[in-house]
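Listed below are the residues making up each chain.
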Amino acid sequence: MVTLKKIKIRKIESSIIKGNFGDGKYFGYKKEKLIALTKIYSNTGNIGIGESLVGAYSPILFMKNLNFISSIIKKKNITQTLNALENIQKNKFFFNNGILKSIIASLEIAIINLISEIKCQSFAKTTKEVFFKNQNLKINDCVNVYSSAGSINSNLSDLKRDIIKSEVLNIDKIKIRINTSSDFKSKIDLLRNNIKDFSVDLITNTYEKNMNRKKLQSFLSYIKSKNPLWIEEVLNVNNLENFIHLRQKFKLKFSYGENFNSLNDFVGLIKYYKFDYINPDITHMPISELSKLIQFLKNNNLKKKIIFHCWGSVVNIYSTLQISRFLDDFVKFVELPITDFSLNNEFIEQARINNSKFYFDNDFNSSKYYLKETNIKNSKILKKNSFNFD
């Protein structure tokens with residue numbers, strides 16, 4: 001068997017691909033959505049693929065910074081590469097959070113994918129071996145999920161279709177986005193009367209209209225009696241100092257954190273702000289950093305605190321599902337975006353889900369298939385760049 005020390009990286013390639021998305025009804029998207037991928041080529045002939053959340057927002061910065069990090073791991077084997085990525089994060093001026101950390105997240109996913117292919121084993125098993133060594137964590141055959149859809153711009157008919165799609169997928173929990181300046185009551189009532197459980201994402205870090213304090217309080221007052229599972233991103237990050245007051249006044253469940261990617265970020269959300277749930281995204285927060293967060297939760301006896309954020313391609317979704325298989329003590333749900341997206345539709349349609357649980361079949365073959373860029377259907381490559389080590 002090939003050891004990690006014998007596996008060397010020959011080339012790192014970045015690409016920005018796009019697919020049809022949401023029929024133009026999602027705020028911030030014009031019928032298309034961008035995905036930033038990182039592909040690693042090894043001397044064994046195997047390929048690993050990862051994804052970076054921030055790359056879709058600034059493709060040029062993503063590619064330039066990936067080249068910078070690639071120069072640090074030039075001609076190293078996998079063991080040396082993982083150590084180098086860990087060491088450079090000790091420089092907190094550059095690597096405490098932000099775009100560089102998000103790029104490291106994409107590299108770590110690609111490396112795990114690469115090792116999984118070489119060893120012919122699941123992404124979950126490889127992640128355990130690399131980042132959760134000597135921990136008694138059982139790999140389960142299913143993961144709790146919820147449907148994610150419901151655009152701020154959608155009408156009641158659109159929302160009804162999302163609910164039906166969720167039911168067809170055997171998911172009885174859904175999260176939607178809501179404009180607090182609109183007639184949100186009709187949407188909330190539709191949810192309450194047509195699906196078992198629901199939550200609301202106010203996306204205040206991108207949708208500034210939801211920052212109006214008076215309208216926010218009106219929304220929270222109304223929804224309180226409707227028993228949502230949680231309210232996500234209730235405040236813009238610049239206004240988080242007001243959260244403690246909101247939490248005490250409305251006594252709802254709240255979650256936060258998709259924009260954050262360091263341990264300290266999430267410790268603050270839990271210990272200081274006392275959010276009920278946190279929303280890390282492994283295409284933004286490196287798995288190595290996630291392992292430290294899990295240790296923090298374990299040390300403080302905090303369970304079911306994580307609701308994973310997933311709004312990217314199948315690379316994002318499937319990797320998160322796999323990791324969640326052995327973190328069930330700490331993970332409450334994984335977000336499963338069911339919005340029409342040409343890069344993801346095949347994966348969602350073929351998913352085996354029962355009673356809001358995603359089940360894994362032959363997970364090595366599934367992992368190998370879905371984490372391959374060549375099998376992400378209907379995509380168009382917009383930009384491509386490579387860093388060769390030969």
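Basis of the calculations
Residues numbered from 1 in each chain as written. Predicted model: local features only at pLDDT ≥ 70, side-chain atom pairs only at ≥ 80, totals over all residues. Heavy atoms only, no water. Core = buried A, V, L, I, M, F, W, Y, C linked by side-chain atoms within 4.5 Å. Buried < 20%, exposed > 50% of the residue type's maximum accessible area, 1.4 Å probe, protein only. Helix = DSSP H or I, 4+ residues; strand = E, 2+ residues; numbered from the N terminus. Contact = heavy atoms within 4.5 Å. Arc of directions from axis to C-beta. Polar contact = N/O pair within 3.5 Å; in protein donor to acceptor, adjacent residues only side chain to side chain. Axes fitted to C-alpha atoms, helices over the stretch in contact; angles between N-to-C directions. Parallel < 35°, antiparallel > 145°, perpendicular 65-115°, else oblique. Nonpolar A, V, L, I, M, F, W, Y, C, P; charged D, E, K, R; others polar. Pairing = 2+ DSSP bridges.

Draft legend 1. Focus on the nonpolar core. Membership of the largest hydrophobic core comes to 113 residues, with the highest contact counts inside it found for F219, L220, I231, V234 and L327. The element that contributes the greatest number of residues to this core is helix α4 (residues 99–119), accounting for 11 residues. If near-sequence neighbours (up to four positions away) are discounted, L220 is found in contact with I231, V234, L246, F250, L252 and F254.

Draft legend 2. Expanded view of unusual backbone geometry. Unusually for a residue other than glycine, K75 sits at a positive phi of about 65 degrees. For K75, the position within the fold is in the loop between α1 (59–72) and α2 (78–88). Although it is not a glycine, I203 adopts a positive phi angle of roughly 35 degrees. Structurally, I203 can be placed in the loop between β6 (197–201) and α8 (213–223).

Draft legend 3. Spatial organisation of α2. Within the span of α2, buried status applies to I78, T81, L82, A84, L85 and I88. For α2, the angular spread of the buried residues around the axis is 160 degrees, confining them to a single face. At its buried positions, α2 is contacted by β1 (9–20), α1, α3 (92–95), α4 and α5 (123–131). The N-cap residue of α2 is N77: its side-chain oxygen and the backbone nitrogen of T79 are 3.1 Å apart.

Draft legend 4. Molecular detail of the packing of α1 against α4. Relative orientation of the contacting elements α1 and α4 amounts to 70 degrees, with a least axis distance of 10 Å. Between α1 and α4, the angle is such that the two are roughly perpendicular. Within the contact between the two elements, α1 uses L61, F62, N65, L66, F68 and I69 and α4 uses I99, L100, I103, I104 and L107. The residue makeup of the contact of α1 with α4, split by class, is 10 nonpolar, 1 polar and no charged.

Draft legend 5. Region of the structure containing the pairing of strand β4 (residues 142–148). With 5 of 7 residues buried, β4 lies mostly within the body of the structure. Examined bridge by bridge, β4 and strand β13 (residues 357–359) share 3 bridges and lie antiparallel to one another. Bridging from a neighbouring strand, V143 pairs with F358 of β13. Of the pairings in the sheet, the one linking β4 to strand β11 (residues 331–337) comprises 4 bridges and is parallel in character. In the strand pairing of β11, S147 is matched with L336. Relative to strand β5 (residues 173–177), β4 runs parallel, the two sharing 2 bridges. Along β5, the bridge assignment pairs S148 with K175.

Nothing here speaks to function; it is geometry throughout.
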